[in-house]
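# Coordinate inspection notes
Take a look at the letters that make up each chain.
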Amino acid sequence: GQISSSYDLSFKILLIGDSAVGKSSLLLSFISNSTEELAPTIGVDFKIKQLIVGGKRLKLTIWDTAGQERFRTLTSSYYRGAQGIILVYDVTRRESFTNLSEVWSKEVELYSTNQDCVKLLVGNKVDRVSERAVSRDEGSALAKELGCLFFECSAKTRENVESCFEELALKIMDAP
Ligand code: GDP
């Protein structure tokens, strides 16, 4: 018989943002469908997730910074070939939000060579309601400014975790 590939489309997606905003937790929460362990993580490099979105079988290869963001040593090779970039901040840490507009988005401009790359802004840790330091409106305004999709989510409760990856995938499929 004929050998058919197990997916229709394959996308490379990156997670970026300050250390400890929850990048690895978001990735693991998305991959494992569980909230079991949520300990600080030392970089996981990348994970592969297959899912069906918009009737297509997708293979997402999602790259995490493996802690390299601490040393600001992410380079152009990390960004190469990415169709989607997820910019993550922690809604309880204002600095992680301002760093997105002042540091990370500039790096994306500099290194991401793909003009059609789809960007998604994610405010994580919304479960920590009483500690919130960045409002939903501020997040939404920055997303507009940077030309990103926008979600607030929690890697801990898994609120909105699947939706944000799925919306990103849908938008990538729509891209030229
Ligand atoms: P990274 O350095 O950006 O990859 O961040 P980590 O995934 O290592 O998370 C840093 C810390 O934040 C860990 O202690 C996580 O357990 C915690 N954390 C991550 N996401 C959430 C979340 O949505 N809610 C809460 N309350 N804690 C979280």
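Up top is the structure these notes are about.
Now for a quick tour of the structure. (Residues numbered from 1 in each chain as written. Predicted model: local features only at pLDDT ≥ 70, side-chain atom pairs only at ≥ 80, totals over all residues. Heavy atoms only, no water.)

This brings us to the nonpolar core. In globular proteins that are soluble, nonpolar side chains generally tend to be buried together. In terms of nonpolar packing, the biggest core is built from 27 residues, with Leu60, Ile62, Ile86, Leu120 and Leu168 touching the most fellow members. Among the elements of the structure, β1 (9-16), α1 (23-32), β2 (46-53), β3 (56-63), β4 (84-90), β5 (118-124), β6 (149-152) and α5 (161-174) are those that each provide at least two residues to this core. Top contributing element to this core by residue count: α5, with six residues. Leaving out residues up to four positions away in the same chain, Ile62 has contacts with Ile13, Leu15, Leu27, Phe30, Asp45, Phe46, Lys47 and Phe165. Grouped together as the second largest cluster of nonpolar side chains are 22 residues, Ile85, Phe97, Leu100 and Val126 included. (Core = buried A, V, L, I, M, F, W, Y, C linked by side-chain atoms within 4.5 Å. Buried < 20%, exposed > 50% of the residue type's maximum accessible area, 1.4 Å probe, protein only. Helix = DSSP H or I, 4+ residues; strand = E, 2+ residues; numbered from the N terminus. Contact = heavy atoms within 4.5 Å.)

Glancing now at the packing of aromatic side chains. Enumeration according to the criterion identifies four aromatic pairs in this entry. If you follow Lys49 out to its NZ or CZ, it ends over the ring of Phe30, 4.9 Å from the centre. (Phe/Tyr/Trp six-rings, centres within 6.5 Å; stacked < 30°, edge-to-face > 60°. Lys NZ or Arg CZ within 6 Å of the ring centre and 35° of its normal.)

So, on to the environment of Ile85. Looking at where Ile85 falls in the secondary structure, it is placed in strand β4. Measuring from C-alpha to C-alpha, the distance between Ile85 and Val108 comes to 8.5 Å, with 23 residues separating the pair along the chain. Contacts of Ile85, omitting those with residues within four sequence positions, involve Leu14, Ile16, Tyr79, Val108, Ser112, Cys117, Val118, Lys119 and Leu120.

A few words now on the packing of α1 against α5. For the pair α1 and α5, interaxial distance at closest approach is 9 Å and the crossing angle is 90°. Considered as vectors, α1 and α5 are oriented roughly perpendicular to each other. Side by side, α1 and α5 meet where Leu26, Ser29 and Phe30 of the first sit next to Val161, Glu162 and Phe165 of the second. Residue composition of the contact of α1 with α5, by class: four nonpolar, one polar and one charged. (Axes fitted to C-alpha atoms, helices over the stretch in contact; angles between N-to-C directions. Parallel < 35°, antiparallel > 145°, perpendicular 65-115°, else oblique. Nonpolar A, V, L, I, M, F, W, Y, C, P; charged D, E, K, R; others polar.)

The subject of this paragraph is the pairing of β6. Looking along a regular strand, one sees side chains alternate from face to face of the sheet. In β6, alternate side chains face the same way, and those of Leu149 and Phe151 on one face and Phe150 and Glu152 on the other are all buried. Alignment of β5 against β6, held across four bridges, turns out to be parallel. Across the sheet, the residue bridging to Val122 is Phe151, located in β6. A crossover links β5 with its parallel partner β6, the connecting element being helix α4 (residues 136-146), and its sense is right-handed. (Pairing = 2+ DSSP bridges. Right-handed = clockwise from strand over helix to strand, strands pointing away.)

It is worth spelling out the environment of Phe46 at this point. Mapped onto the elements, Phe46 comes out in strand β2. Taking the relative accessible area as the measure of exposure, Phe46 reaches 38% and is therefore partly exposed. The sequence separation of Phe46 and Tyr89 amounts to 43 residues, and the corresponding C-alpha distance is 19 Å. The residues touching Phe46, leaving out its near neighbours within four places in the chain, are Thr61, Ile62 and Trp63.

Interpretation in functional terms is not warranted from these geometric data alone.
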